[in-house]
Amino acid sequence: MASDTLAIYDRQAVSYDQKRNKSLFERNWLERVLQDVPPRGCVLDLGCGAGEPIAAWLVKQGYDVTGADFSTEMLALFSNRFPNATAVHADMRDLELSTQFDAIIGWGSFFHLTRDEQRDSLPKIARHLAPKGRLLLTVGPGEGEAVGHVGTDDVFHASLGITEYSALLEEGGAKVEEFVPEDPQCHGFTLLLARA
């Protein structure tokens, strides 16, 4: 199922964008990850999708936003919506960008990787943080796999445990600041916040 994720997001791009919750329930966590980012700071929306509502809010706040996604259909929606943002066709499993970022936000994206892919990619992602930069990821509450939904398709989710995430982040030069499983103030998402 994990190998179908790209095809699912390409196929469901328009429908997913139309149905995506745009109430910005994520705002409290976005403000945490951005609390020390200077005006015009560089922010990476990793797995940006079509960019609503997170990238839209980041752009409105005046950040220098880069949206990265492996779905060309999602990235086309992002590019059309935010012509002044940077759109990058990239796969977080082998992320190699020439920029370091004051903040990296992987909301609803990182948990589509298998556990082995997460182990391989998380230190690489963390190395894209500028000094004192923060990383925010949605993950699972504990190690395991689950099935989510994108439109009418089932989609793969996986997670490691917080102890392993902490070790992988330290390998990439970052430390966990907060881990909140199934945050009741955030629609039950599990949040991991780390800092370089």
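Structure first, text after, so check above.
Residues numbered from 1 in each chain as written. Predicted model: local features only at pLDDT ≥ 70, side-chain atom pairs only at ≥ 80, totals over all residues. Heavy atoms only, no water.

This paragraph deals with the nonpolar core. Core analysis: the biggest nonpolar cluster contains 26 residues, and L34, L58, I105, W107 and L136 have the highest contact counts within it. Looking at this core, the elements with two or more residues in it are α2 (27-33), α3 (54-60), α4 (72-81), β4 (101-106) and β9 (190-195). Residues contacting L136, with those up to four places away along its chain left out, are W29, L30, V33, I104, I105, G106, W107, L191, L192 and L193. With 24 residues, the next largest nonpolar core counts L113, L129, L160 and A194 among its residues. (Core = buried A, V, L, I, M, F, W, Y, C linked by side-chain atoms within 4.5 Å. Buried < 20%, exposed > 50% of the residue type's maximum accessible area, 1.4 Å probe, protein only. Helix = DSSP H or I, 4+ residues; strand = E, 2+ residues; numbered from the N terminus. Contact = heavy atoms within 4.5 Å.)

The next subject is the side chain of D45. Locating D45 in the fold gives a position in strand β1 (residues 42-46). For the buried D45, no salt bridge is present, and the opposite-charge side chain at shortest range is R20, 7.7 Å distant. In this structure, D45 is in contact with I54, A55, T66, G67, A68 and I105, ignoring residues within four places of it in sequence. (Lys, Arg positive; Asp, Glu negative; His and termini not counted. Salt bridge = Lys/Arg side-chain N within 4 Å of Asp/Glu carboxyl O.)

Our focus in this paragraph is the sheet that holds strand β3 (residues 86-89). With mixed pairing, the seven strands of this open sheet are ordered in space as β3-β2-β1-β4-β5-β9-β8. In this open sheet, the two edge strands, each paired with only one partner strand, are β3 and β8 (175-180). Adjacent strand axes in the sheet meet at a mean angle of 15° when their direction is disregarded. In terms of strand pairing, β4 meets strand β5 (residues 129-139) through five bridges, oriented parallel. Each bridged residue has a counterpart across the sheet, and for F101 the counterpart in β5 is L129. In the packing of α4 onto the sheet, the strands contacted are β2 (64-69) and β3, and the crossing angle to β3 comes to about 170°. Each of β1, β4 and β5 is contacted by helix α5 (residues 115-126), which is oriented at about 145° to β5, the strand it contacts most. (Pairing = 2+ DSSP bridges. Axes fitted to C-alpha atoms, helices over the stretch in contact; angles between N-to-C directions.)

Glancing now at the side chain of Q12. Of note, Q12 is situated in helix α1 (residues 5-19). With a relative accessible area of 9%, Q12 lands in the buried category. Separated by 2.8 Å, the side chains of Q12 and D153 make a polar contact. Non-local contacts of Q12, meaning those with residues more than four positions away in its chain, are made with V150, G151, T152 and D153. (Polar contact = N/O pair within 3.5 Å; in protein donor to acceptor, adjacent residues only side chain to side chain.)

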